[in-house]
Amino acid sequence: MPIRPPVFRFAPSPTGYLHLGHALSALLNFEEAKRAGGRFLLRIEDIDPTRCKPEFEQSIYEDLEWLGLEWETPVRRQSQHFDEYAAALGKLEAEGLLYASYETRADLARLITGRDPDGGPRYSREEGLSSEETKARELRGEPYALRLNMQEALSRIAAPLYWKDDEKVEAEPARWGDVVLGRKETPASYHLAVVLDDALQGVTDIVRGKDLYEATAVHRVLQELLGLPVPDYKHHRLLLDEHGKKLSKREKSTTLRDLRASGWTVANLRKAIGL
Ligand code: GLU
């Protein structure tokens, strides 16, 4: 049997300009793929129509070219694949693993006491709207999100689940509660789309920031439920600003396009991010 080359990917969301943290992620993936004789893919994660902008996507291509990266084409853009995410949702729904949740953001803030590993509300049905209120909103045709019944999901798969990172990690998906898999405005969510796309594109090695380490537990559950292969993971260090906070797309000072415009070279950048 011929040995398949490993497949790496960089999967930014065009919700802002790329910053130094993205450069670290993109370069680690690209260089690791090269070292391993593997493939490198770029994927545009643009399922959120309110936050994604064409100019940010355009800038991703320009920034990555400036960094000297080369990727396979055509680039997969998630907004062109909603039918695939909807099909996966349909499968999970048919298996009785999803339910409609009509809570607004304000409802969640008022009702939900638990926190998920990201600090967001850890949703459980008991804390959500009463069944009468849910029914009333359903009859009024209000928008709803589709949530995964996590407890039911875990009862159907062979837990505990693990993933390979720098070491073998035991997943703790229950800490996330009933996560949203289909959003009110789109038949997908980050968790669902990322897991499906990595499988569809044959990604074998996921190199991404430590901010997504905890989310891997949800991804492992979805891989089991949908019968998808499990890639190896590596969650790399995050770059922090001078206040010790994670770099964000909202801070202009470290965007690649601004650094480039102010005369930075790629060598300057590599030094700044410790490569
Ligand atoms: N699209 C995600 C982001 O920009 C990254 C997805 C991933 O690497 O799993 O944060």
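For the structure given in this document, a descriptive report is provided here. Source: prediction; values computed, not measured.

### Structural notes on the nonpolar core
Okay, so step 1: Leu 92, Leu 148, Leu 181, Leu 192, Val 221 and Leu 225 are the most contacted members of the largest nonpolar core, which totals 38 residues.
Okay, so step 2: Those elements that place two or more of their residues in this core are helix H3 (82-94), strand E5 (145-148), helix H6 (150-156), helix H7 (190-200) and helix H8 (216-226).
Okay, so step 3: Considering each element in turn, this core owes the most residues, six residues, to H8.
Okay, so step 4: Summarising the domain contributions, this core has at least three residues from each of domain 1 (1-80 + 239-275) and domain 2 (81-200).

### Focus: the site of the ligand
Okay, so step 1: Every residue close to the ligand is listed here: Arg 9, Ala 11, Pro 12, Ser 13, Glu 45, Tyr 190, Val 194, Arg 208 and Leu 212.
Okay, so step 2: Separating an oxygen atom of the ligand from a side-chain N or O atom of Arg 9 is a distance of 2.6 Å.
Okay, so step 3: Between the ligand and the protein, one listed contact pairs an oxygen atom with a side-chain N or O atom of Tyr 190 at 3.0 Å.
Okay, so step 4: Within the complex, the protein chains bury 81% of what would otherwise be the 300 Å² of accessible surface of the ligand.
Okay, so step 5: Among the residues forming the shell around the ligand, the class breakdown is five nonpolar, one polar and three charged.

### Describing the packing of aromatic side chains
Okay, so step 1: Under the counting rule described, the total for this entry stands at eight aromatic pairs.
Okay, so step 2: Each ring, one from Tyr 99 and one from Tyr 123, has its centre 6.5 Å from the other, and the planes form 40°; the classification is tilted. With Tyr 99 in strand E4 (residues 98-101) and Tyr 123 in the loop between helix H4 (105-111) and helix H5 (131-139), the pair connects residues that are 24 residues apart, well separated along the chain.
Okay, so step 3: On the basis of relative accessibility, which here comes to 7%, the residue Tyr 99 falls in the buried class.
Okay, so step 4: Seen from their ring centres, Trp 163 and Tyr 213 are 5.3 Å apart, and the 70° between their planes marks the pair as edge-to-face. Pair noted here: Trp 163 is in strand E6 (residues 162-164) and Tyr 213 is in the loop between strand E9 (205-209) and H8, with a separation of 50 residues, a long-range link.
Okay, so step 5: Trp 163 gets classed as buried once you look at its relative accessible area, which sits at 4%.
Okay, so step 6: Among the residues examined, Tyr 213 registers a relative accessible area of 25% and is labelled partly exposed.
Okay, so step 7: The positively charged end of Lys 168 is found above the aromatic ring belonging to Tyr 162, 4.3 Å away from the centroid.
Okay, so step 8: It is Arg 257 that lies over the ring of Tyr 17; its NZ or CZ is 4.1 Å from the centre.

### Structural notes on the packing of H3 against H7
Okay, so step 1: One can describe the packing of H3 onto H7 by two numbers: an axis separation of 10 Å at closest approach and a directional angle of 110°. The angle between H3 and H7 places the two elements in the roughly perpendicular class. Residues Glu 84, Tyr 85, Ala 88, Leu 89 and Leu 92 of H3 pack against Leu 192, Ala 193, Leu 196, Asp 197 and Leu 200 of H7.
Okay, so step 2: When its residues are assigned to classes, the contact of H3 with H7 shows eight nonpolar, no polar and two charged.

Cut-offs applied
Residues numbered from 1 in each chain as written. Predicted model: local features only at pLDDT ≥ 70, side-chain atom pairs only at ≥ 80, totals over all residues. Heavy atoms only, no water. Core = buried A, V, L, I, M, F, W, Y, C linked by side-chain atoms within 4.5 Å. Buried < 20%, exposed > 50% of the residue type's maximum accessible area, 1.4 Å probe, protein only. Helix = DSSP H or I, 4+ residues; strand = E, 2+ residues; numbered from the N terminus. Domains from an automatic or database assignment. Near = heavy atom within 4 Å. Polar contact = N/O pair within 3.5 Å; in protein donor to acceptor, adjacent residues only side chain to side chain. Areas by Shrake-Rupley, 256 points an atom, 1.4 Å probe, with all protein chains shown as cover. Nonpolar A, V, L, I, M, F, W, Y, C, P; charged D, E, K, R; others polar. Phe/Tyr/Trp six-rings, centres within 6.5 Å; stacked < 30°, edge-to-face > 60°. Lys NZ or Arg CZ within 6 Å of the ring centre and 35° of its normal. Axes fitted to C-alpha atoms, helices over the stretch in contact; angles between N-to-C directions. Parallel < 35°, antiparallel > 145°, perpendicular 65-115°, else oblique. Contact = heavy atoms within 4.5 Å.

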